[in-house]
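A structural walkthrough
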Amino acid sequence: MEKARISGLQLFMLMTGFLLGSRLIINPATEAKNDGWIAILISGAGGAILLTLYTSISLLNPSRTLVDILRHQFGKSLGNIIALFYIWYFIHLASLVFRNFGSFLVTTTYPRTPMEIIIAFFALTIIYAVNSGIEVMGRLSEILVPIVPVSSIIIGLSVVTTHDFTAFLPVLENGIKPVIKASLNLLSFPFGEAIVFLTIFPYLNKKKSLKKITALSVLLVTGLFLYIFFRNIIVLESNFIDQATFVPHVTSVLFPGINLEPLFDVIMIIGGGIKIISTIYAAVMNLNQLIGAANYRKFTTCIVMFSVVLSIWVYENIFEVFHWAGNIWFYYSIPFQIVIPVILLILSLVKKGRSQNEGT
Amino acid sequence: MIDMNYNMLIVLVVFTVLVIYDLQKLIKNKDSIKVLISYIVIVASSLAVGLLLALGKRPVSPSEWIEWIFKMIGVVK
């Protein structure tokens, strides 16, 4: 483990940037059409529960990273095997965000630049950022993440003249099923992905504020998702939202006279960047601990290289990415985001109870 | 006629240069065999898949395996 500490504000910004991530370029809860706001509220509540689960695990196992917790609770052999699966999951997640980033820029801003080159350039800066350490990552997010909500609000205010404030009505026109599906997808992508932070939580300087920081982060992100949803639907209406690939980008190009597109690129670079940095950092740190190497930086280049290749390999086109994210990702994530953390919490509580009994 | 993806090839060359630089440091610092083997396995698998992608011969991806498994057990239709 690094001998570094991050402040509460830095963790808050890092987590907010991570949760906003690439969701800002894909309309949140698209499947629910005009009932997306209900799906966002449900997933926000679910996200708060999931993050309480993760913070409770971290607080019950102070100063332990994910690998340490898994080894401590499941035993060395089983713990190592599960840790290996988590490392794979983190790399897969990073490659998904790399691909989202590449697909977005190739579709919107750089249509004549090959996606491989865009992803590779981005990956080189990611290597530098991850090797700089958790403190630099914290400071980076402290400076950059506030730009994301500000840019989103500027885009929203700019398009306010083009609107239909009744576009989200009638409520539950298509029934509750699409709302539940959309909320589950939004719960696993991005809220459940915050399992990555079990590697980062031990670096917080004041552990007492951990739950407050994560709750505030979920609240802000849910609020911003709601704002983005209402902004998109009052400008584009639900039928168009259903057809567009990168909905928020379409919203930004609607404003006559001003080109708001660069603001979206900035949002994507910051959100996507923070998310990939956190995920790669977690993968590299856990791999380093699993193998027992002295310095995690040794693995950064090879893990980023693997993620870049994986991002090109895993999906043939953008439609496959959306199909995977919308239909498979939730089921694939259940063991990593819900099942194993719940078992970890139960085992941690049992062990804590036992040690307290032995103490008395 | 092989339909080469030269962009992928360029990306692989850039990363290979970085990896060689890293490997030099690993050997110099006399890191454990475990570290070296893990490093080489990750890099070799990246290069193998990357080269196949560059040659236009995309192997079946992990996401397709996972989706196939989910379909087999009836989680998704």
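Summary of the structure given here. (Residues numbered from 1 in each chain as written. Chains lettered and ligands numbered in written order. Predicted model: local features only at pLDDT ≥ 70, side-chain atom pairs only at ≥ 80, totals over all residues. Heavy atoms only, no water.)

1. What about the overall build of chain B?
Along its length, chain B carries three helices and zero strands. Helices (α) and strands (β) of chain B occur, in sequence order from the N terminus, as α-α-α. Its C-alpha atoms give chain B a radius of gyration of 17 Å, more than 25% over the compact-globule value 11 Å for 77 residues. Judged by the C-alpha coordinates and their principal axes, chain B covers about 50 × 35 × 15 Å. Split into buried and exposed, the 77 residues of chain B put 35% on the buried side. Taking all contacts inside chain B whose residues are at least 6 apart in sequence as the whole, residues at least 24 apart take part in 56%. For chain B, the accessible surface area stands at approximately 5,100 Å², while carbon and sulfur atoms represent 71% of it. Looking at charge distribution, chain B has the averaged site of its 8 positive side-chain charges lying 6 Å from that of its 5 negative ones. (Helix = DSSP H or I, 4+ residues; strand = E, 2+ residues; numbered from the N terminus. Rg over C-alpha atoms; globule rule 2.2 N^0.38 Å. Buried < 20%, exposed > 50% of the residue type's maximum accessible area, 1.4 Å probe, protein only. Contact = heavy atoms within 4.5 Å. Areas by Shrake-Rupley, 256 points an atom, 1.4 Å probe, with all protein chains shown as cover. Lys, Arg positive; Asp, Glu negative; His and termini not counted. Charge placed at Lys NZ, Arg CZ, Asp CG, Glu CD.)

2. Some words on the nonpolar core
Judged by nonpolar contacts, the single largest core of 144 residues is most densely connected at F299 and I303 of chain A. The element contributing the most residues to this core is helix α11 (residues 261–291) of chain A, with 16 residues. Ignoring any residue separated from it by four or fewer positions in sequence, one finds I303 of chain A in contact with I91, I280, A283, V284 and L287 of chain A together with I42 of chain B. Counting five residues, the second-largest nonpolar core is a separate cluster that includes A32, I38, V179 and A182 of chain A. (Core = buried A, V, L, I, M, F, W, Y, C linked by side-chain atoms within 4.5 Å.)

3. What about the packing of aromatic side chains?
Residue and element names in this part refer to chain A. Evaluated as defined, the whole model comprises 21 aromatic pairs over all chains. Judged by centre distance (5.4 Å) and plane angle (20°), the ring pair of Y89 and W329 falls under stacked. In this pair, Y89 is assigned in helix α4 (residues 76–108) and W329 in helix α13 (residues 318–359), connecting sequence segments 240 residues apart. Assigned by exposure class, Y89 and W329 land together as buried. Measuring from centroid to centroid gives 6.1 Å for F197 and F201, while their planes differ by 40°, and the two rings are tilted. (Phe/Tyr/Trp six-rings, centres within 6.5 Å; stacked < 30°, edge-to-face > 60°.)

4. Here's the deal with the interface of chain A and chain B
Contacts between chain A and chain B engage 36 residues on the former and 37 residues on the latter. Here chain A meets chain B over a buried area of about 3,100 Å², counting both sides, of which 78% is carbon and sulfur. The interface formed by chain A and chain B holds three salt bridges in total. With a shortest N-O distance of 2.6 Å, D31 of chain B and K298 of chain A are connected by a salt bridge. Viewed at the interface, chain B and chain A are joined by nine residue pairs in polar contact (both at pLDDT 80 or more). Elements that contribute at least two residues to the side of chain A that touches chain B include exactly α4, α5 (115–132), α11, α12 (300–313) and α13 of chain A. (Buried area = accessible area lost by both parts, 1.4 Å probe. Salt bridge = Lys/Arg side-chain N within 4 Å of Asp/Glu carboxyl O. Polar contact = N/O pair within 3.5 Å; in protein donor to acceptor, adjacent residues only side chain to side chain.)

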